Amino acid sequence: MSVSTRRRRPSGSGTRRTQEERRSRTQARLLEATMECLVDLGWSGTSTTEVARRAGVSRGAQQHHYPTKMELVAAALEHLLEAQRLAFESAFAALPPERRNVEGALDLLWEIFRGRPAKALLELAVAARTDDELRPLCRDLNERILQVILETFEKLFPASNLPEDAVPTTLRGLFAMFVGLSVQNALDDDDAGHQAAVLAQVKSIARLIVPGDRGDAGPAATG
């Protein structure tokens, strides 16, 4: 057997892997740039040209992955929803045991609602009201976010004082409140502290509904 034969590798496997990694990196940059455009420029100011510029890729590369603005935004929406869920779960898991409770969860949820990914989603939801092409894409956006919140709540706090059939409605009300607060926060950054006061009141009520710490965070304090 010749040296060249002994050193021969499976044809194409490394190339395909490299191409897939490069494809994933390019798509991630495009989706992140789309989010940034939505926050900084709004729906009307977001264009595939500007997204490509911010992502540092050519227009041809952008069109190869996402031929139209709507396809780009649809992919960005899915990316944002999954990123929000993962961000919340990982941030909650990183909390110290004494903060791994319903108050800590609400603080993290409020941070997420004030973050740039949430602002991008809000921009899409508001713009869809008057954009016939965007509306079908965003029609179930609120319900999808609510489903993530519900699944996360049930995972983190399986025991609460709420009747089981009341949990979805209660979380729907909480979601609507946080959306409203986040709109106010985007305008005034809570200069007067009104949003912080509302959040403090919500946490005091939540303590009655979900008493004690999360079950796997260690034994609750007794007194």
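Attention here is on the structure that accompanies the text. Keep in mind that what you see is a predicted model, and the values were worked out from it rather than measured.

## Here we look at the packing of helix α10 (residues 167–188) against helix α11 (residues 194–209)
So, step 1. Between α10 and α11, the shortest axis-to-axis distance is 10 Å and the interhelical angle comes to 160 degrees. The angle between the axes of α10 and α11 places the two elements in the roughly antiparallel class. At the point where α10 passes α11, the crossing takes the left-handed sense. Two secondary-structure elements touch here, α10 through L174, M177, F178, L181, Q184, N185 and D188 and α11 through Q195, V198, L199 and V202.

## Quick look at α10
So, step 1. Compared with the 32 Å implied by 1.5 Å per residue over 22 residues, the 31 Å span of α10 between its first and last C-alpha is a close match.
So, step 2. Regarding α10, the residues found buried are V167, L171, L174, F175, F178, L181, S182 and N185. All buried residues of α10 lie within an arc of 140 degrees about the axis, which places them on one face of the element. Set apart from the buried face of α10 by more than 90 degrees, the exposed residues are T169 and L187.
So, step 3. Structurally, α10 contributes buried residues whose contacts are with α6 (102–114), α7 (116–127), α9 (141–156) and α11.
So, step 4. After α10 finishes, the residue D189 shows a positive phi value of roughly 55 degrees.

## Remarks on the nonpolar core
So, step 1. The biggest cluster of nonpolar side chains holds 44 residues, and the ones touching the most others in it are W43, L124, L134, F157 and F178.
So, step 2. When residues of this core are assigned to their parent elements, the largest contribution, 8 residues, is made by α6.
So, step 3. Of all hydrophobic cores here, the second largest spans 11 residues; its members include C37, V51, A55 and Y66.

## Observations regarding a negative patch on the surface
So, step 1. A contiguous patch of negative charge on the surface is contributed by E151, E154, E164 and D165.
So, step 2. With respect to the secondary-structure elements, E154 resides in helix α9.
So, step 3. For E154, a relative accessible area of 46% translates into the label partly exposed.

## Side note on helix α5 (residues 69–93)
So, step 1. Its 25 residues place the ends of α5 36 Å apart at the C-alpha level, agreeing with the 36 Å of an ideal helix rising 1.5 Å per residue.
So, step 2. For α5, the full list of buried residues reads M70, L72, V73, A76, L77, L80, L81, Q84, F88 and F92.

## Structural notes on the side chain of E50
So, step 1. Locating E50 in the fold gives a position in helix α3 (residues 48–55).
So, step 2. Judged by relative accessible area, which is 17%, E50 ranks as buried.
So, step 3. Looking at E50, its side chain comes within polar contact range of the side chain of R53, at 2.7 Å.
So, step 4. Setting aside anything within four residues of it in sequence, one finds E50 in contact with C37 and L41.

## With respect to the side chain of T152
So, step 1. Mapped onto the secondary structure, T152 falls in helix α9.
So, step 2. Excluding its chain neighbours within four sequence positions, the residues that come into contact with T152 are F88 and E89.

## A word on the environment of L141
So, step 1. Tracing the backbone through its elements, the reader meets L141 in helix α9.
So, step 2. Relative accessible area serves as the criterion here: at 2%, L141 is assigned to the buried category.
So, step 3. Separated by 16 residues in sequence, L141 and A125 place their C-alpha atoms 7.3 Å apart.
So, step 4. Those residues in contact with L141, other than ones at most four positions away along the chain, are L77, L81, L121 and A125.

## Comments concerning the packing of aromatic side chains
So, step 1. Counted according to the given criterion, the structure contains 6 aromatic pairs.
So, step 2. Ring centres of F88 and F92 lie 6.3 Å apart, and the angle between their planes is 25 degrees; on these two criteria the pair is classed as stacked. Placement of the pair is F88 and F92 together in helix α5, with a separation of 4 residues, close to one helical turn. Pair check on accessibility: F88 and F92 agree, each one buried.
So, step 3. Seen in terms of ring centroids, F113 and F178 are 5.5 Å apart; in terms of plane orientation they differ by 80 degrees. Their pairing is edge-to-face. Note that F113 is positioned in helix α6 and F178 in helix α10, a separation of 65 residues in sequence. Exposure class is identical for F113 and F178. Each is buried.
So, step 4. Of the aromatic side chains, those joined through ring pairs into one cluster are F88, F92, F153 and F157.
So, step 5. K69 extends its terminal NZ or CZ atom over the ring of W43, reaching a point 3.9 Å from the ring centre.

Here is what the cut-offs are and how they apply
Residues numbered from 1 in each chain as written. Predicted model: local features only at pLDDT ≥ 70, side-chain atom pairs only at ≥ 80, totals over all residues. Heavy atoms only, no water. Axes fitted to C-alpha atoms, helices over the stretch in contact; angles between N-to-C directions. Helix = DSSP H or I, 4+ residues; strand = E, 2+ residues; numbered from the N terminus. Parallel < 35°, antiparallel > 145°, perpendicular 65-115°, else oblique. Left-handed = near helix turned anticlockwise from the far one by under 90°. Contact = heavy atoms within 4.5 Å. Expected span 1.5 Å × (residues − 1). Buried < 20%, exposed > 50% of the residue type's maximum accessible area, 1.4 Å probe, protein only. Arc of directions from axis to C-beta. Core = buried A, V, L, I, M, F, W, Y, C linked by side-chain atoms within 4.5 Å. Patch = residues over 30% accessible without salt bridge, like charges linked within 9 Å, V, L, I, M, F, W, Y side chains within 5 Å. Areas by Shrake-Rupley, 256 points an atom, 1.4 Å probe, with all protein chains shown as cover. Salt bridge = Lys/Arg side-chain N within 4 Å of Asp/Glu carboxyl O. Lys, Arg positive; Asp, Glu negative; His and termini not counted. Charge placed at Lys NZ, Arg CZ, Asp CG, Glu CD. Polar contact = N/O pair within 3.5 Å; in protein donor to acceptor, adjacent residues only side chain to side chain. Phe/Tyr/Trp six-rings, centres within 6.5 Å; stacked < 30°, edge-to-face > 60°. Lys NZ or Arg CZ within 6 Å of the ring centre and 35° of its normal.

In short, geometric facts, not functional conclusions.
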